[in-house]
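# Examination of the molecular architecture
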Amino acid sequence: MASFHNNSAQLVKDAADIVEVIGEHVTLQKRGANYLGLCPFHSEKTPSFSVNPTKQFYHCFGCKESGDVLSFMMKLHNMTFPDVLRDLARRYGVQLTEMALSPEEQERLRKREVLYKANALDKAVSYPASQ
Ligand SMILES: [Zn+2]
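Since the structure is predicted, the reported quantities are computational estimates derived from the model, not experimental observations.

## Re the overall build of the protein chain
The helix and strand inventory of the protein chain stands at five helices and seven strands. Counting helices and strands in the order they occur from the N terminus, the protein chain gives β-α-α-β-β-β-β-β-α-α-β-α. Evaluated residue by residue, the protein chain yields a buried proportion of 36% over its 131 residues. Contacts spanning at least 24 positions in sequence make up 49% of the contacts within the protein chain whose residues lie at least 6 apart. Working note: accessible area of the protein chain is about 8000 Å², and carbon and sulfur atoms make up 52% of it.

Given below as structure tokens:
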């Protein structure tokens, strides 16, 4: 198992365009400074999913889902953090330095991921598909 240097996430976020990445999964319309679309995380007919290109984050006013381009990909595709980083880094030409993790670090990473998934699952249960 390998991980990345601490600034890797920032490098990838700087290089990636959140509107472009999310726009491949959600039809976005420009609304003022932001982009608006139908939320991919809950079922809706009126767009309440907002993407802010300046701050590079998204927020849904319906299910309160929010985050950056990395957490969007993790939640939408159920990918792990390192997988999303690798994916976007390759796409945007960011050079990542992978490094070996100590067992403690691996454990910490694993726990964080479990928490993250539990949280996402919790939201899916709290917001069933409805009109
Ligand atoms: Zn939503």
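So that's the structure; there's more coming.
## Structural notes on the pattern of salt bridges
Across all of its chains, the model carries eight salt bridges by this definition. Residue E107 pairs with K111 through a salt bridge whose shortest N-O separation is 3.9 Å. Here E107 and its partner K111 are both found in helix α5 (residues 103-126), four residues apart, which amounts to about one turn of the helix. The exposure class assigned to E107 is partly exposed, which follows from its relative accessible area of 31%.

## Digging into the pairing of strand β3 (residues 34-37)
Here strand β2 (residues 29-31) pairs with β3 via three bridges, running antiparallel. For Q29, the partnering residue across the bridge sits in β3 and is L36. The antiparallel pairing of β2 with β3 creates a hairpin that spans two residues between the two strands, and G32 there sits at a positive phi of about 65°. In the sheet, β3 pairs with strand β4 (residues 49-52) via three bridges, with the strands oriented antiparallel. From the neighbouring strand, G37 faces β4, where its bridge partner is F49.

## Observations concerning the coordination of the zinc ion
Those donors, C39 (SG), H42 (ND1), C60 (SG) and C63 (SG), are the protein atoms that reach the zinc ion, and they lie 2.0 to 2.3 Å from it. Relative to the metal, the four donor atoms surrounding the zinc ion lie at angles of 103 to 118°, and the coordination shape comes out tetrahedral. Donor residues for the zinc ion sit on one chain with the sequence pattern C-x2-H-x17-C-x2-C. Classification of C39 by relative accessible area gives buried; the value is 7%. A residue is classified by how much of its surface remains accessible, and H42, at 16% relative accessible area, is buried.

The rules behind these values
Residues numbered from 1 in each chain as written. Predicted model: local features only at pLDDT ≥ 70, side-chain atom pairs only at ≥ 80, totals over all residues. Heavy atoms only, no water. Helix = DSSP H or I, 4+ residues; strand = E, 2+ residues; numbered from the N terminus. Buried < 20%, exposed > 50% of the residue type's maximum accessible area, 1.4 Å probe, protein only. Contact = heavy atoms within 4.5 Å. Areas by Shrake-Rupley, 256 points an atom, 1.4 Å probe, with all protein chains shown as cover. Salt bridge = Lys/Arg side-chain N within 4 Å of Asp/Glu carboxyl O. Pairing = 2+ DSSP bridges. Donors = N, O, S within 2.8 Å, 3.2 Å for Na, K, Ca; no water. Tetrahedral: all angles 85-135°; square planar, octahedral: opposite > 155°, others 65-115°.

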